[in-house]
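# Structural features, examined
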Amino acid sequence: MGENMNIYDFTQEELESFLIENGYKKFNALQIIDWMYDKKEYDFNKMTNLSKKLISFLNENMIIKTPEVIKVEKSDLANKYLLRLEDNNKIECVLMNHDYGYSLCVSSQVGCNMGCSFCESGRLKKVRDLKLEELVGQVICVSKYENIRIDSIVVMGIGEPFDNFNNIKRFISVVINPKMINIGQRHLTISTCGLVPKIYEFADMETGVNLAISLHAPNNEIRDKIMKINHAYKIEKVMEALDYYISKTNRRVTIEYIMLEGINDSDECAKELANLVKGKLMYVNLIPYNETTHFELKRSNDFKIKSFYDILKSYNVNVTIRKEMGGNLSAACGQLRANVEEGE
Ligand code: SAH
């Protein structure tokens with residue numbers, strides 16, 4: 001056998017089967033899970049209600065650890081953590097302090113292959129998918145580091161979650177499991193750039209997990225220019241898939257729309273977007289673009305954002321303007337990792 005497995009890489013069912021296969025009892029899984037998730041104990045020897053035999057089995061066959069926090073950037077509204085993984089790859093996650101509690105934005109891959117023209121994460125390309133232990137590990141290590149309970153999770157960090165679908169499904173089961181991370185499905189949101197077949201699969205899971213879609217353009221002409229994924233799945237196909245998700249789950253879908261000066265922020269664009277979403281169980285989140293030094297793109301000015309907002313409102317579309325929380329923090333999406341990988 002190669003390296004010992006990390007026990008955070010198991011769902012409850014997987015750990016139960018593993019223990020049974022090795023001659024232990026199903027209920028031992030929940031005993032261990034309580035130490036891992038409730039007490040955040042990283043030493044098998046201190047799991048005092050387990051038998052000596054089980055403790056030595058765990059010591060010999062498993063490891064228990066989460067990624068290491070190597071850098072923290074703090075601001076009033078958000079903290080950004082740079083984490084080091086076992087193989088020395090780095091990822092980041094962002095903790096936001098909302099009036100309704102702590103929300104953690106987690107990464108799903110090291111880098112990203114989607115190649116959106118405005119996004120830092122894609123600039124460095126995908127290195128690999130995150131394992132379950134690393135998805136879970138972000139939540140455990142930040143809540144342990146800050147000694148807080150995290151109330152909601154958004155998968156909106158580096159990577160395309162639906163390009164790592166199998167682990168995201170397992171992550172969902174760990175997040176919503178009352179014995180494990182224990183965050184209600186309504187407090188978990190997955191954001192995708194629009195991998196249409198996976199939207200259908202996600203809908204068919206019929207969980208109450210929220211879906212957000214990075215639309216960023218009201219028509220194919222613009223979307224083709226800024227998002228490579230639109231060459232594979234056109235807006236009409238994305239909208240059809242969202243209708244299906246809504247029909248299956250009756251959950252409101254979030255439409256993310258970054259505001260890029262002169263590209264997607266005209267009055268015409270606002271009207272087109274309004275026609276796309278009006279009357280549907282959808283709401284639009286306008287995101288002031290967070291400028292980076294590597295792209296020419298500019299953030300729309302506040303007047304433009306406000307008038308875009310007003311047009312959507314006039315069509316009775318539910319719309320909000322995202323508070324900029326990470327702006328002064330090497331900000332959103334991949335920027336901290338990109339800076340570190342390139343020696344700043
Ligand atoms: N791949 C997924 C999730 C990660 S990106 C997705 O595409 O949804 C999370 C969100 O941040 C996406 O809406 C993305 O388009 C947006 N984003 C990327 N770079 C940004 C930037 N510089 N400023 C503002 N939002 C950005």
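Model, not experiment: these values are computed from the prediction.

### Things to note about the nonpolar core
- Counting residues in hydrophobic clusters, the biggest one holds 107 residues, and the most contacted among them are Y37, F118, F171, L242 and V284.
- When residues of this core are assigned to domains, at least three fall in each of domain 1 (5-63) and domain 2 (68-341).
- In this view, Y37 contacts Y8, V136, I140, V174, K179, M180 and I181; residues no more than four positions away in its chain are not counted.
- Residues M96, V154, M156 and A212 belong to the second largest nonpolar core, which totals seven residues.

### Points about the packing of helix α7 (residues 196-204) against helix α10 (residues 235-249)
- One can describe the packing of α7 onto α10 by two numbers: an axis separation of 9 Å at closest approach and a directional angle of 5 degrees. What the angle tells us is that α7 and α10 run roughly parallel. Two secondary-structure elements touch here, α7 through V196, I199, Y200, F202, A203 and D204 and α10 through K237, V238, E240, A241, L242, Y244, Y245, K248 and T249.
- Partitioning the contact of α7 with α10 into residue classes produces ten nonpolar, one polar and four charged.

### Focus on the packing of helix α5 (residues 132-146) against helix α6 (residues 165-176)
- In the contact formed by α5 and α6, the axes pass within 9 Å of each other and the chain directions differ by 40 degrees. Judged on the interaxial angle alone, α6 and α5 are oblique. The hand of the α5/α6 crossing is right-handed. Facing α5, whose interface residues are L132, L135, V136 and V139, α6 presents N167, I168, R170, F171 and V174.
- Broken down by class, the residue content of the contact of α5 with α6 amounts to seven nonpolar, one polar and one charged.

### Topic: the site of the ligand
- In the region of the ligand, 19 residues are neighbours, and E160, S191, S214, H216 and N290 sit closest.
- Between S214 and the ligand, the recorded distance is 2.6 Å, taken from a side-chain N or O atom to an oxygen atom.
- Those elements that place two or more of their residues in the shell around the ligand are β10 (188-192) and β12 (253-259).
- Looking at side-chain class alone, the shell around the ligand contains nine nonpolar, eight polar and two charged residues.

### Observations concerning the pattern of salt bridges
- Under the definition given, this model contains 18 salt bridges.
- D243 is the salt-bridge partner of K280, the closest N and O atoms lying 3.4 Å from each other. Of the two residues, K280 sits in the loop between α11 (267-277) and β13 (282-288) while D243 sits in helix α10, which places them 37 residues apart along the sequence.
- Owing to a relative accessible area of 32%, K280 belongs among the partly exposed residues under this scheme.

### A look at the domain arrangement of the protein chain
- Taken domain by domain, the protein chain consists of domain 1 (5-63) and domain 2 (68-341).
- The gap between the C-alpha centroids of domain 1 and domain 2 is 33 Å.
- Listed by partner, the interface residues are 13 residues for domain 1 and 16 residues for domain 2.
- Together, the buried faces of domain 1 and domain 2 total about 1300 Å²; carbon and sulfur atoms form 59% of this surface.

### Quick word on the sheet that holds strand β14 (residues 318-321)
- Within the open sheet, the ten strands sit side by side as β3-β4-β5-β6-β9-β10-β11-β12-β13-β14. Their pairing is mixed. A single partner strand is all that each edge strand has here, and the edge strands are β3 (68-74) and β14. The mean angle between the axes of side-by-side strands here comes to 20 degrees, regardless of whether they run parallel or antiparallel.
- In this sheet, β12 lies alongside strand β11 (residues 210-214) in parallel orientation, the contact comprising three bridges. Looking across to β12, one finds that I213 is bridged to I255.

### Things to note about the packing of aromatic side chains
- Scanning the model with the defined rule gives eleven aromatic pairs in all.
- Measuring from centroid to centroid gives 6.3 Å for Y8 and Y42, while their planes differ by 75 degrees, and the two rings are edge-to-face. Residue Y8 is found in the loop between β1 (5-6) and α1 (12-21), and its partner Y42 is found in the loop between α2 (26-38) and α3 (52-61); the two are separated by 34 residues along the sequence.
- Their ring planes at 45 degrees and their centres at 5.0 Å tell us that Y200 and Y244 sit as a pair that is tilted. Of this pair, Y200 sits in helix α7 while Y244 sits in helix α10, and the two are 44 residues apart along the sequence.
- The partly exposed category is assigned to Y244, whose relative accessible area is 26%.
- Members of the aromatic cluster, joined through ring pairs, are F10, F18, Y24 and F57.
- The ring of W35 has K39 sitting right over it, with the charged end atom 4.6 Å from the ring centre.

### Quick look at the environment of K52
- For K52, the location among the structural elements is in helix α3.
- Residue classification places K52 among the exposed positions, given a relative accessible area of 77%.
- Between the C-alpha atoms of K52 and F308, which are 256 residues apart in sequence, the distance is 65 Å.

Each value, and the rule that gives it
Residues numbered from 1 in each chain as written. Predicted model: local features only at pLDDT ≥ 70, side-chain atom pairs only at ≥ 80, totals over all residues. Heavy atoms only, no water. Core = buried A, V, L, I, M, F, W, Y, C linked by side-chain atoms within 4.5 Å. Buried < 20%, exposed > 50% of the residue type's maximum accessible area, 1.4 Å probe, protein only. Domains from an automatic or database assignment. Contact = heavy atoms within 4.5 Å. Axes fitted to C-alpha atoms, helices over the stretch in contact; angles between N-to-C directions. Helix = DSSP H or I, 4+ residues; strand = E, 2+ residues; numbered from the N terminus. Parallel < 35°, antiparallel > 145°, perpendicular 65-115°, else oblique. Nonpolar A, V, L, I, M, F, W, Y, C, P; charged D, E, K, R; others polar. Left-handed = near helix turned anticlockwise from the far one by under 90°. Near = heavy atom within 4 Å. Polar contact = N/O pair within 3.5 Å; in protein donor to acceptor, adjacent residues only side chain to side chain. Salt bridge = Lys/Arg side-chain N within 4 Å of Asp/Glu carboxyl O. Buried area = accessible area lost by both parts, 1.4 Å probe. Pairing = 2+ DSSP bridges. Phe/Tyr/Trp six-rings, centres within 6.5 Å; stacked < 30°, edge-to-face > 60°. Lys NZ or Arg CZ within 6 Å of the ring centre and 35° of its normal.

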